Amino acid sequence: MMKKYITILVMALALGFSSCSTKGSAISDLRNLRNDIVDNGYRYEIDDWRDAANRYKKIDEKLKKHANDYTYEESREIGKLKGECVAGFANGVKQNVGDKANNLRGFIEGLVGGFGDMFKH
């Protein structure tokens, strides 16, 4: 009889720890993604941003699975990390579009200047 209770207790603890590990790993994954975006986002190409968005989506699905299990502090951290990721996405898109717009503007200025130079001679 005592052996049965010990077995049930061990199983319950194992399930509890695995649940904490899973919900904790989702926060850790989000933190790692945020760090990657902050540290390396300035180097990202379009495909890198697409990969980051896919990672974010997968992490968000994990977070949603455990939404009711998070403490107030964990929920607050998740919100902050998500906000920082979204800001990183916005800055990255702005930077990529901005760089491409500058390149296009430079090309157009060069084209117009070259066209005008043709008529000077």
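If you're wondering where the values come from, they're calculated on a predicted model, not measured in any experiment. (Residues numbered from 1 in each chain as written. Predicted model: local features only at pLDDT ≥ 70, side-chain atom pairs only at ≥ 80, totals over all residues. Heavy atoms only, no water.)

Scored by pLDDT, the protein chain has a mean of 77; 62% of the residues are at 70 or more. The least confident element of the protein chain, judged by mean pLDDT, is helix α1 (residues 2-40) at 70; the most confident is helix α2 (residues 46-65) at 92. Note that pLDDT drops below 50 for residues 12-20; the model gives that stretch one contact with residues more than four away or on any other chain. (pLDDT = per-residue confidence, 0-100. Helix = DSSP H or I, 4+ residues; strand = E, 2+ residues; numbered from the N terminus. Contact = heavy atoms within 4.5 Å.)

Turning to the packing of aromatic side chains, a few remarks are in order. In total, this model carries three aromatic pairs according to the counting rule given. With a centroid separation of 4.6 Å and an interplanar angle of 70 degrees, the aromatic rings of Y44 and W49 are classed as edge-to-face. The residues Y44 and W49 share a single accessibility class, namely buried. Plain terms: the ring middles of Y56 and F89 are 5.9 Å apart, the flat faces sit at 90 degrees to each other, and that makes the pair edge-to-face. With Y56 in helix α2 and F89 in helix α3 (residues 72-120), this residue pair connects regions lying 33 residues apart in the sequence. (Phe/Tyr/Trp six-rings, centres within 6.5 Å; stacked < 30°, edge-to-face > 60°. Buried < 20%, exposed > 50% of the residue type's maximum accessible area, 1.4 Å probe, protein only.)

Mapping K23 onto the fold places it in helix α1. Polar contacts involving the side chain of K23 include one to the side chain of E74, which spans 3.3 Å. In contact with K23, other than residues within four places in its own chain, are H66, D69, Y70 and E74. (Polar contact = N/O pair within 3.5 Å; in protein donor to acceptor, adjacent residues only side chain to side chain.)

Moving on: α2. Helix length check: α2, at 20 residues, gives a terminal C-alpha distance of 29 Å against a target of 28 Å (1.5 Å per residue), a fit within 8%. Residues W49, A52, Y56, I59, D60 and L63 constitute the buried set of α2. The buried residues of α2 occupy an angular sector of 105 degrees when the element is viewed end-on, so they sit on one face. Exposed residues lying more than 90 degrees from the buried face of α2 are K57, K58 and K65. (Expected span 1.5 Å × (residues − 1). Arc of directions from axis to C-beta.)

Here we come to the nonpolar core. Soluble globular proteins tend to bury their nonpolar side chains together. L30, L33, I37, L63, C85 and F89 are the most contacted members of the largest nonpolar core, which totals 16 residues. Going through the elements one at a time, α1, α2 and α3 are the ones with two or more residues in this core. Not counting residues up to four positions away in its chain, the partners in contact with C85 are L30, L33, R34, I37 and Y56. (Core = buried A, V, L, I, M, F, W, Y, C linked by side-chain atoms within 4.5 Å.)

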